[in-house]
Amino acid sequence: MSTPPFLTLPRCARALRLSTSRGGFAALRAEPDGPVRGSALLVPGFTGSKEDFIALLEPLAAAGYRVTAVDQRGQYETGGPDDPAAYAVEALGADVRALTEAVAADGGPPHLLGHSFGGQVVREAVLAAAADGPSPWRSLTLMSTGPGAIDPAEAARTQLLLDVLPVMSLEEIWQVMRQMEEGSGDQKQRPEPAVAEFLHRRWLANVPLSLSVTGGHLVAAPDRVAELAAATAGLPVLVLSGVRDYAWPVPEQTGMAERLGARRVVVEEAGHSPNAERPAATAEALAAFWA
């Protein structure tokens, strides 16, 4: 999961409930002070939320973009039903198309971005929309995501979660994860108390069935890059990542970009979440691509 560097919304942003044809979604929206150059829809990854993009809101709004970041169905403040079909990647892709319609009503076709698992969700949306005519998006950005299943080592860790979800509560799993983190000797900087409390609260707000279905997708996702390349003919595509990534190896992401004929950006000193780890450089790259 991404760790937001802070939680206080910048002056340009507000929280809202975005109504769509597929229900309501919790969102953060940032508005430029001056002329609007375009809009963007940001979709988070597995166990993530709209707050993963909080550090991008101000710089992207300053560049002239109206930005909407959302919680997917089953995540944090959006919630979801006790129905596995609601969390299949096809259903989540349909949610993205409905969110796109809602965002477009305020400012025309948005730029679409998916982070990590969110990248595979937006891929599904693009593939489904290709059969219906012209693209409803101005561009597509795949951030820290890959062509298919996650790296085998990460898949093994994800499978551990899938194995315990039926028999342990989210609170019990959280405590085990914290113990494993402390026992690993990982010296990475711990988040501030307010951010740590948020991460705990966000984890407990996940719909467990959502974690089961989406985690199952991550460990067995098919490679659909050839289909996506055909579906995005004429649509600008960016593949962006950090210099290292535990979920999909960076060379694998570069290969995906080549197969898509996409622009490729690697954010220095960033890992799996350049949106949170190096937000200024990431926002600069996004604004340059969108322009």
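Here the structure is a predicted model, which is why all the values come from computation and not from measurement.

Each value, and the rule that gives it
Residues numbered from 1 in each chain as written. Predicted model: local features only at pLDDT ≥ 70, side-chain atom pairs only at ≥ 80, totals over all residues. Heavy atoms only, no water. Pairing = 2+ DSSP bridges. Helix = DSSP H or I, 4+ residues; strand = E, 2+ residues; numbered from the N terminus. Axes fitted to C-alpha atoms, helices over the stretch in contact; angles between N-to-C directions. Contact = heavy atoms within 4.5 Å. Expected span 1.5 Å × (residues − 1). Buried < 20%, exposed > 50% of the residue type's maximum accessible area, 1.4 Å probe, protein only. Arc of directions from axis to C-beta. Phe/Tyr/Trp six-rings, centres within 6.5 Å; stacked < 30°, edge-to-face > 60°. Core = buried A, V, L, I, M, F, W, Y, C linked by side-chain atoms within 4.5 Å. Salt bridge = Lys/Arg side-chain N within 4 Å of Asp/Glu carboxyl O.

A. Seen up close, the sheet that holds strand β2 (residues 23-30). Pairing in this open sheet of eight strands is mixed, and the strands run β1-β2-β4-β3-β5-β6-β7-β8 from one edge to the other. The sheet is open, and its two edges are formed by β1 (13-20) and β8 (263-267), each paired on a single side. On average, each strand axis in the sheet is tilted by 25 degrees relative to the strand beside it, whichever way the strands run. Sheet topology note: the strand β6 (residues 139-143)/strand β7 (residues 237-242) ladder contains four bridges and is parallel. Of the residues in β7, the one forming a bridge with methionine 143 is leucine 240. On the sheet, helix α9 (residues 250-260) packs against β6, β7 and β8 and is oriented at approximately 170 degrees with respect to β7.

B. View of helix α4 (residues 152-164). Its 13 residues give α4 an end-to-end C-alpha distance of 19 Å, which sits within 8% of 18 Å, the value for a rise of 1.5 Å per residue. Among the residues of α4, those classed as buried are Glu154, Ala155, Thr158, Leu161 and Leu162. Angularly, the buried residues of α4 cover 115 degrees about the axis, an arc narrow enough to put them on a single face. Exposed residues lying more than 90 degrees from the buried face of α4 are Pro152 and Leu160.

C. The arrangement of the packing of aromatic side chains in detail. Inspection of the entire model under this criterion finds two aromatic pairs. Considering the side-chain rings of tyrosine 65 and tryptophan 290, the 5.2 Å spacing of their centres and the 65 degrees angle between planes classify their relative orientation as edge-to-face. Taken together, the residues span a long stretch of sequence, with tyrosine 65 in strand β4 (residues 65-70) and tryptophan 290 in helix α11 (residues 279-290) at a distance of 225 residues. When sorted by exposure, tyrosine 65 lands in the same class as tryptophan 290, which is buried. Centroid distance tyrosine 76 to phenylalanine 198: 5.4 Å. Interplanar angle 90 degrees. Geometry classified as edge-to-face.

D. Inspection of helix α2 (residues 89-107) at higher detail. Helix length check: α2 (19 residues) gives 27 Å between terminal C-alpha atoms against 27 Å at 1.5 Å per residue, within 8%. Looking at α2, one finds that the buried residues are Val89, Ala91, Leu92, Gly93, Asp95, Val96, Ala98, Leu99, Thr100, Ala102 and Val103. Phi for glycine 108, located one or two positions after α2, is positive at around 80 degrees.

E. Quick look at unusual backbone geometry. Positioned with a positive phi, threonine 47 is a non-glycine residue whose angle comes to about 65 degrees. Of note in this structure, serine 144 is not a glycine but carries a positive phi near 50 degrees. With relative accessibility at 0%, the residue serine 144 sits in the buried group.

F. Inspection of the nonpolar core at higher detail. Formed by 51 residues in total, the largest nonpolar core has its most connected members in Leu41, Val96, Leu112, Leu140 and Leu260. For this core, the leading source of residues is helix α3 (residues 117-130), giving seven residues. The residues contacting leucine 260, other than those within four sequence positions of it, are Leu142, Val225, Leu228, Ala229, Val237 and Val239.

G. Highlighting the pattern of salt bridges. In the structure shown here, the tally under the stated rule is 17 salt bridges. A salt bridge links arginine 11 to aspartate 33; its shortest N-O distance comes to 3.0 Å. One end of the pair, arginine 11, is in the segment before β1; the other, aspartate 33, is in the loop between β2 and β3 (38-43), with 22 residues separating them in the sequence. Using a relative accessible area of 70% as the deciding quantity, one classes arginine 11 as exposed. As a salt-bridge pair, arginine 22 and aspartate 95 come within 2.6 Å of each other at their nearest N and O atoms. You can see arginine 22 sitting in the loop between β1 and β2 and its partner aspartate 95 sitting in helix α2, a full 73 residues away along the chain. Residue class for arginine 22 comes out partly exposed when judged on its relative accessible area of 35%. For aspartate 95, a relative accessible area of 2% puts it in the buried group.

Shape is all these values report; function is a separate question.
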